[in-house]
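# Understanding the architecture of this molecule
Take a look at the letters that make up each chain.
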Amino acid sequence: MKQASILSLALLCMAAAGTAQAHGDFRCDVPKAEWKTQMELQRKLTADGWKVRQVKTDNGCYEVYGFDDKGQRIEIYFNPKTFEKVGEIKQPS
């Protein structure tokens with residue numbers, strides 16, 4: 001019985017870890033003084049053919065909601081200093 005409890009707990013922990021990642025557990029460790037503005041990121045993405053609905057800050061990253069240049073719905077996290085993509089949440093088609 002004890003092994004079943006340990007297995008259940010292990011599975012629960014793995015499921016919880018997967019859920020955290022699925023909801024955007026991305027982090028950027030950049031001093032605020034080095035950040036570019038949200039508007040700069042929005043202009044860059046728009047110039048690349050994206051339709052940006054919202055840019056907000058989450059865990060030190062810029063979180064972007066909208067549609068990419070292929071028309072796919074997106075939720076992507078960017079480094080606020082380099083605008084490098086640090087993570088993406090897969091959206092349903």
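The structure under discussion appears in the preceding block.
Here goes a summary of the coordinates provided. (Residues numbered from 1 in each chain as written. Predicted model: local features only at pLDDT ≥ 70, side-chain atom pairs only at ≥ 80, totals over all residues. Heavy atoms only, no water.)

### Overview of the environment of I89
Among the structural elements, I89 can be located in the segment after β4 (85–88). Residue I89 is classed as buried on the basis of its relative accessible area, which comes to 10%. Counting along the chain gives 15 residues from I89 to I74, while the straight-line C-alpha distance between them is 7.3 Å. (Helix = DSSP H or I, 4+ residues; strand = E, 2+ residues; numbered from the N terminus. Buried < 20%, exposed > 50% of the residue type's maximum accessible area, 1.4 Å probe, protein only.)

### Comments concerning the packing of aromatic side chains
Under the counting rule described, the total for this entry stands at 3 aromatic pairs. Arranged with centres 4.9 Å apart and planes meeting at 50°, the rings of F26 and Y77 form a pair that is tilted. Of this pair, F26 sits in the loop between α1 (2–22) and α2 (38–47) while Y77 sits in strand β3 (residues 73–78), and the two are 51 residues apart along the sequence. Centroid distance W35 to Y62: 5.3 Å. Interplanar angle 75°. Geometry classified as edge-to-face. Here W35, found in the loop between α1 and α2, pairs with Y62, found in strand β2 (residues 61–67); they are 27 residues apart in sequence, far enough to count as distant. The exposure class of W35 is buried, given its relative accessible area of 16%. (Phe/Tyr/Trp six-rings, centres within 6.5 Å; stacked < 30°, edge-to-face > 60°.)

### Let's talk about the environment of K36
For K36, the position within the fold is in the loop between α1 and α2. The partly exposed category is assigned to K36, whose relative accessible area is 33%. Each C-alpha atom of the pair K36 and K81 lies 5.5 Å from the other, and the pair is 45 residues apart in sequence. Those residues within four positions of K36 in sequence are excluded, and the remaining contacts are Y62, P80, K81 and F83. (Contact = heavy atoms within 4.5 Å.)

### A few points about the nonpolar core
In this structure, L41, L45, W50, Y62, V64 and F78 are the most contacted members of the largest nonpolar core, which totals 13 residues. At the level of elements, α2, β1 (51–58), β2 and β3 are the ones that each hand at least two residues to this core. Tallying contributions element by element places β3 first for this core, with 3 residues. Counting 5 residues, the second largest nonpolar core, distinct from the first, contains C28, C61, Y77 and I89. (Core = buried A, V, L, I, M, F, W, Y, C linked by side-chain atoms within 4.5 Å.)

### A few points about the sheet that holds β4
The antiparallel open sheet is built from 4 strands, whose spatial order is β1-β2-β3-β4. What marks the edges here is a single partner per strand, and that holds for β1 and β4. For this sheet the average axis-to-axis angle between neighbouring strands, irrespective of direction, equals 25°. The pairing of β1 with β2 spans 7 bridges and is classified as antiparallel. In the strand pairing of β2, V55 is matched with V64. Strand contacts of α2: β1, β2 and β3, with the helix running at about 150° to β1, the strand carrying the most contacts. (Pairing = 2+ DSSP bridges. Axes fitted to C-alpha atoms, helices over the stretch in contact; angles between N-to-C directions.)

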